[in-house]
Amino acid sequence: MTANKTLLLLPGDGIGPEVMAQAKRVLNWLQSSGRANFTITEDLVGGASIDANGVPVTDATVAKAKEVDAVLFGSVGGPKWDKVPYEIRPEAGLLRLRQELQVFANLRPAKVFDALAEASSLKPELVRGLDIMIVRECIGGIYFGEPRGIETLPDGTQRGINTEVYTTPEILRVGRVAFDLARKRQGRVCSVEKANVMEAGLLWRQVMTKLQAEEYPDVQLSHMYADNCAMQLAKNPKQFDVIVTGNLFGDILSDLAAMLTGSLGLLPSATLGAKDASGRRPGFYEPIHGSAPDIAGKGVANPLAQILSLALLLRYSFDMEDSAAAIEAAVERVLAKAGRTPDIAVPGRPVISTTEMGDALIAELEAI
């Protein structure tokens, strides 16, 4: 059994608690099978925290997140909180956690499972075997740059302001994450920006070029404008290995890449910080599907993205590669032969519930 690992679960809102319950079953299985020993705590975030505490995340919850080895996050938001003040919206809790933990590199894999190649909106031959990793810088850029806000002009009209800003160190640290990942994959990085019209993008290109030349000459580097990258993802997605980009473009391109796989309900993410002197690095893991309030409470949500996020947590924060690979293999087997939740249902296969998908996955883990 591996050394004790500490883990904070933040289920959040909507379908978050439902899919997190299935991830907890996998954690329990890992412990009962002797693969791991976890100390697990759970807390509120997002709308659930607003209802209980008046804020989307409390100082105490942030402190817990800083103390543990990794955080497994569900999802936040929903119509119930649409009219709360902007500064305490549910998503503000997520942004604060990312910033407080200084997790700057968001890893968004877009992998097409063989059993789901037909579910993609693109032709199967374009996506079968697809395996892209998008590395998005996520605590800088236009989402955090200053000045920002809405101001009233002398004539009474208003102006909204957001600032795109990146520094050399911010670009270097996310670039190194992308190049290190590429070394373990196909050895190719595509850096994406808008250097033709944005000075921040020009600096991004210059820093990435120098980084590759000085530290990663063994990795192939290409550059692409963000609008062209979106077009190329829809036209020929398998040309990419690792894509590295800023916060805004990464937000958009990773959702586009997600839909190439056939379902948002299958895609995990990891957000990593810098390693400290002991080699420990903050890790924040979440599915990308959102809180899906329209199906919350119905027991039909697909839990696989949450469970695959757990697999990334085991790989990147706990160095449990065998367990991570076992979970991913179990997901592949479930998709090939078990029933499907409604988001990935196909004729001839039974439609199953969230819990039944969890049952099928645990059965495959035991078989493996």
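Scoring rules and cut-offs
- Residues numbered from 1 in each chain as written.
- Predicted model: local features only at pLDDT ≥ 70, side-chain atom pairs only at ≥ 80, totals over all residues.
- Heavy atoms only, no water.
- Core = buried A, V, L, I, M, F, W, Y, C linked by side-chain atoms within 4.5 Å.
- Buried < 20%, exposed > 50% of the residue type's maximum accessible area, 1.4 Å probe, protein only.
- Contact = heavy atoms within 4.5 Å.
- Helix = DSSP H or I, 4+ residues; strand = E, 2+ residues; numbered from the N terminus.
- Phe/Tyr/Trp six-rings, centres within 6.5 Å; stacked < 30°, edge-to-face > 60°.
- Lys NZ or Arg CZ within 6 Å of the ring centre and 35° of its normal.
- Lys, Arg positive; Asp, Glu negative; His and termini not counted.
- Salt bridge = Lys/Arg side-chain N within 4 Å of Asp/Glu carboxyl O.
- Arc of directions from axis to C-beta.
- Pairing = 2+ DSSP bridges.
- Axes fitted to C-alpha atoms, helices over the stretch in contact; angles between N-to-C directions.

J.: Summarise the nonpolar core; cite the residues concerned and give the values.
T.: Counting 69 residues, the largest nonpolar core has Val26, Leu72, Leu107, Val135, Leu313 and Leu314 as its most contacted members. Leaving out residues up to four positions away in the same chain, Leu313 has contacts with Leu7, Ala70, Val71, Leu72, Tyr285 and Phe318. The next biggest cluster of nonpolar side chains, apart from the first, holds 20 residues, and it includes Ala110, Val192, Leu253 and Ala257.

J.: Could you give an account of the environment of Asp218, naming the residues involved and the relevant values?
T.: Of note, Asp218 is situated in the loop between helix H7 (199-215) and strand S9 (220-225). Sequence separation of Asp218 and Arg183 is 35 residues, and the distance between their C-alpha atoms is 8.1 Å.

J.: Run through the packing of aromatic side chains, naming residues and quoting values.
T.: Applying the stated criterion across every chain, the model contains 4 aromatic pairs. Relative to Phe284, the ring of Phe73 lies with its centre 5.1 Å away and its plane at 40°, an arrangement referred to as tilted. Here Phe284 lies in strand S12 (residues 283-287) and Phe73 lies in strand S3 (residues 70-75), a separation of 211 residues in the sequence. Grouping residues by exposure puts Phe73 and Phe284 together as buried. Across from the ring centre of Tyr86, 3.9 Å away, lies the NZ or CZ of Arg89, which sits over that ring. Over the aromatic face of Phe104 sits the side chain of Arg173, whose NZ or CZ is 4.3 Å from the ring centroid.

J.: How would you summarise the side chain of Glu18 if you had to cite specific residues and measurements?
T.: Mapped onto the elements, Glu18 comes out in helix H1 (residues 16-32). For Glu18, which is buried and forms no salt bridge, the nearest opposite charge comes from Lys298, at a distance of 9.9 Å. Apart from the residues lying within four places of it in its own chain, the contact partners of Glu18 are Ile295, Ala296, Gly297, Lys298, Gly299, Val300 and Thr354.

J.: Tell me about helix H8 (residues 226-235), residues and numbers included.
T.: Those residues of H8 not exposed but buried are Ala226, Cys229, Gln232 and Leu233. Each buried residue of H8 sits inside an arc of 115° when the element is viewed along its axis, so together they form one side. The elements touched by buried residues of H8 are strand S5 (131-137), strand S8 (188-193), S9, strand S10 (242-245) and helix H9 (247-260).

J.: Pulling in residues and values, what's your account of the sheet that holds strand S1 (residues 5-12)?
T.: Taking strand neighbours across the sheet as the criterion, the 10 strands line up as S2-S1-S3-S12-S11-S4-S5-S10-S8-S9 in an open arrangement whose pairing is mixed. This sheet does not close on itself; its edge strands, each paired only once, are strand S2 (38-42) and S9. Each adjacent strand pair in this sheet contributes to an overall mean axis angle of 20°, direction not counted. Bridge count for S1 against S3 is 5 bridges, and the pairing is parallel. Note on S3: the bridge partner recorded for Gly12 is Ser75.

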